[in-house]
Amino acid sequence: MAWQEWERLKAEAAERQSTQMQLNRAGGGAGAPGGAGVLGSVPEKKKKAANTIETTLEPGTRKAADVADAPTAAAVRSFAGWDTAVGLKKAHEKWDDQVKQLMGRLSSHKAGLRGAVSTLTGTDATAGLTVRSVQSGLSGLER
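Residues numbered from 1 in each chain as written. Predicted model: local features only at pLDDT ≥ 70, side-chain atom pairs only at ≥ 80, totals over all residues. Heavy atoms only, no water.

Visitor: Got a minute to help me understand the overall build of the protein in this structure?
Guide: Helix and strand counts for the protein stand at four helices and zero strands. Evaluated residue by residue, the protein yields a buried proportion of 13% over its 143 residues. In the protein, once contacts between residues fewer than 6 apart in sequence are set aside, the share between residues at least 24 apart is 63%. Total accessible area computed for the protein in this model is approximately 11100 Å², and 60% of it derives from carbon and sulfur atoms. (Helix = DSSP H or I, 4+ residues; strand = E, 2+ residues; numbered from the N terminus. Buried < 20%, exposed > 50% of the residue type's maximum accessible area, 1.4 Å probe, protein only. Contact = heavy atoms within 4.5 Å. Areas by Shrake-Rupley, 256 points an atom, 1.4 Å probe, with all protein chains shown as cover.)

Visitor: Even after reading the chapter, I still don't get the nonpolar core, so can you show me in this structure?
Guide: Most often, soluble globular proteins keep nonpolar side chains buried together rather than apart. Ile 53, Ala 65, Val 99, Met 103 and Leu 106 together form the largest nonpolar core, which totals five residues. Sorting the residues of this core by element identifies α2 (43-67) and α4 (83-142) as the ones contributing at least two each. The leading source of residues in this core is α4, at three residues. (Core = buried A, V, L, I, M, F, W, Y, C linked by side-chain atoms within 4.5 Å.)

Visitor: Which parts of the structure should I look at to understand α2?
Guide: For an α-helix, the turn length of 3.6 residues means that residues three or four places apart are oriented alike. With 25 residues, α2 should cover 36 Å at 1.5 Å per step; its first-to-last C-alpha distance of 35 Å lies within 8% of that length. In the structure, α2 departs most strongly from a straight axis at Ile 53, where the bend amounts to approximately 35°. Taken together, the buried positions of α2 are Lys 46, Ala 50, Ile 53, Glu 58, Thr 61 and Ala 65. (Expected span 1.5 Å × (residues − 1). Bend = angle between axes of the 7 residues up to and from the residue.)

Visitor: What am I meant to see in the confidence of the model for the protein here?
Guide: Low pLDDT means the predicted atomic positions in that stretch should not be read closely. In the predicted model, the protein carries a mean pLDDT of 79, and 70% of its residues have values of at least 70. Per-element confidence in the protein is highest for helix α3 (residues 69-78), whose mean pLDDT is 95, and lowest for helix α1 (residues 3-24), whose mean pLDDT is 72. Between residues 26-32, whose pLDDT stays under 50, and residues either more than four places distant or in other chains, the model counts 10 contacts. (pLDDT = per-residue confidence, 0-100.)

Visitor: Would you mind going over the packing of α2 against α3 with me for this structure?
Guide: The relative placement of two packed helices comes down to the angle between their axes together with the axis-to-axis distance. One can describe the packing of α2 onto α3 by two numbers: an axis separation of 5 Å at closest approach and a directional angle of 20°. In this view, α2 runs roughly parallel relative to α3, as classed from their interaxial angle. Of the residues in α3, those touching α2 at Ala 65, Asp 66 and Val 67 are Asp 69, Ala 70 and Pro 71. Along the lines of polarity and charge, the residues of the contact of α2 with α3 split into four nonpolar, no polar and two charged. (Axes fitted to C-alpha atoms, helices over the stretch in contact; angles between N-to-C directions. Parallel < 35°, antiparallel > 145°, perpendicular 65-115°, else oblique. Nonpolar A, V, L, I, M, F, W, Y, C, P; charged D, E, K, R; others polar.)

Pasting the structure below:
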């Protein structure tokens, strides 16, 4: 093997090692804890978002949905016997159905946010146990 080839192989190995270290580094990188990547997870933000859904969006949506009940019922009574009353009643039923669907989606998102926190934490703990068991197995081989 020529000296130049040896130097080239050493440089390639050093570059691969540098790349590997960049991929493994913690913090700041995309997807790393505290980074700006899409795979990052911030449990506090998920909890805050779930609490906002529970304390602000759900009650506000219920209140907004209820605002239409009394005026619509009064209009239906006023137009009794007319097709307008039937149309208003159907429109209000559709409104109620859409509100129920929205409330279901809000509830689902809230549960998903809260579940993601425990799922990701559990996954991290399981991965840590696996790594530690492999490390202890390798330590046993060194003896």
